[in-house]
Amino acid sequence: MILVTGATGNIGSALLAELHTCRAGPLRGLTRDVSRAAFPAGVEAVEGDFADTASLKPALEGARSLFLVSRLGSDAQILDAARQAGVEHVVLVSSITVQTHPHLGPAGENLAVERLLKDSGMAWTILRPTQFASNAMMWAASIRDGQAVRMPYGDIGLPTIHPADIASVARVALTQPGHQGRTYALTGPEQVTARQQVASIAEVLGRDVPFAEISREEAHAQIAAVFGDEAADAVLDVTGGDVNDALLEVRDTVSQVTGSPARPFRQWAAEHAAAFR
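The structure displayed is predicted, hence computed values, not measured ones.

**Here we look at the side chain of Arg 128**
Along the chain, the position of Arg 128 falls in strand β6 (residues 123-129). Setting aside residues no more than four positions away along its own chain, Arg 128 makes contact with Ser 94, Ser 95, Ile 96, Val 98, Gln 99, Glu 114, Thr 183, Tyr 184, Ala 185 and Leu 186.

See the structure below:
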């Protein structure tokens, strides 16, 4: 039994679909609301909430492998519950900032979860993806309304990754030997700037989408109003304010692990064009 948490999310939903297609065996998807989950036929849907570790017990019962996204609840309690339930292998989604920006608060938190997993006694595989292509969804309302996308660092390109590529690597790690005890830094196939991302969305929509570069100060005020100053600084550092070679590096890990090339940003934009119309 493989338990996929966050099963309706960008990575989890793609992972469940891949595991179902490759007939990986019994599958279970964890979601906070079973009534809103649309899983492939034969996938068991179980309700649970990371904020209430006790609610995860039915989902963990009988599971031997676990796909887990970090920092959505008390990771120490979640991992302890998994170990007690008999889970043998955990595939954890962390962040590439653990190695590119270890001084930032969120990176330190992710590293702490990685250490908890390594100390848990369960086998582990750690995935460290870079910026998600799906982050572009934050522009959807503006684009639908015909407004400009307003972003700082418009011409700094990161090797943005399609969430389905993270899912593909997780699928291999969960179903094939040789991936336990491994840490994988994951990126897309090329650097792509915010300006280029907007241009790709415009191309698939068949209309112009304006882009307006704003200052770090303006962007900081907008982010801090929702997430606080520390989070705003961290986001802005890893999206352009404090880039380094490790963050900009395009890695071939996806193709090495899965045997298929990483998906470009334009593919993600084409697949999600409806959200921007």
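What follows continues from the structure just given.
**As for the pattern of salt bridges**
For the coordinates displayed, the defined rule picks out 14 salt bridges. The residue Arg 83 makes a salt bridge to Asp 80 at a minimum N-O spacing of 2.6 Å. Placement of the pair is Arg 83 and Asp 80 together in helix α3 (residues 75-85), with a separation of three residues, close to one helical turn. Residue Arg 83 is classed as partly exposed on the basis of its relative accessible area of 40%. Note on Asp 80: relative accessible area 31%, which makes it partly exposed. Its salt-bridge partner being Arg 150, residue Glu 218 comes within 2.3 Å of it at the nearest N-O pair. Remark: Arg 150 occurs in strand β7 (residues 149-151) and Glu 218 occurs in helix α9 (residues 216-227); sequence separation between them is 68 residues. On the accessibility criterion, Glu 218 (30% relative accessible area) is partly exposed. Note on Arg 150: relative accessible area 42%, which makes it partly exposed. Ionic contacts of the salt-bridge type, sharing partners, join the residues Asp 155, Arg 195 and Glu 213 into one network.

**Brief notes about the packing of aromatic side chains**
Counted according to the given criterion, the structure contains two aromatic pairs. When the centroid spacing of 5.6 Å and the interplanar angle of 35° are considered together, the rings of Phe 265 and Trp 268 count as tilted. Pair noted here: Phe 265 and Trp 268 are both in helix α13 (residues 265-271), with a separation of three residues, about one helical turn. Accessibility assignment for this pair places Phe 265 and Trp 268 in one class, buried. Centroid distance Trp 268 to Phe 276: 6.1 Å. Interplanar angle 75°. Geometry classified as edge-to-face.

Rules used throughout
Residues numbered from 1 in each chain as written. Predicted model: local features only at pLDDT ≥ 70, side-chain atom pairs only at ≥ 80, totals over all residues. Heavy atoms only, no water. Helix = DSSP H or I, 4+ residues; strand = E, 2+ residues; numbered from the N terminus. Contact = heavy atoms within 4.5 Å. Salt bridge = Lys/Arg side-chain N within 4 Å of Asp/Glu carboxyl O. Buried < 20%, exposed > 50% of the residue type's maximum accessible area, 1.4 Å probe, protein only. Phe/Tyr/Trp six-rings, centres within 6.5 Å; stacked < 30°, edge-to-face > 60°.

So, to be careful, I would describe these as geometric facts and stop short of saying anything about function.
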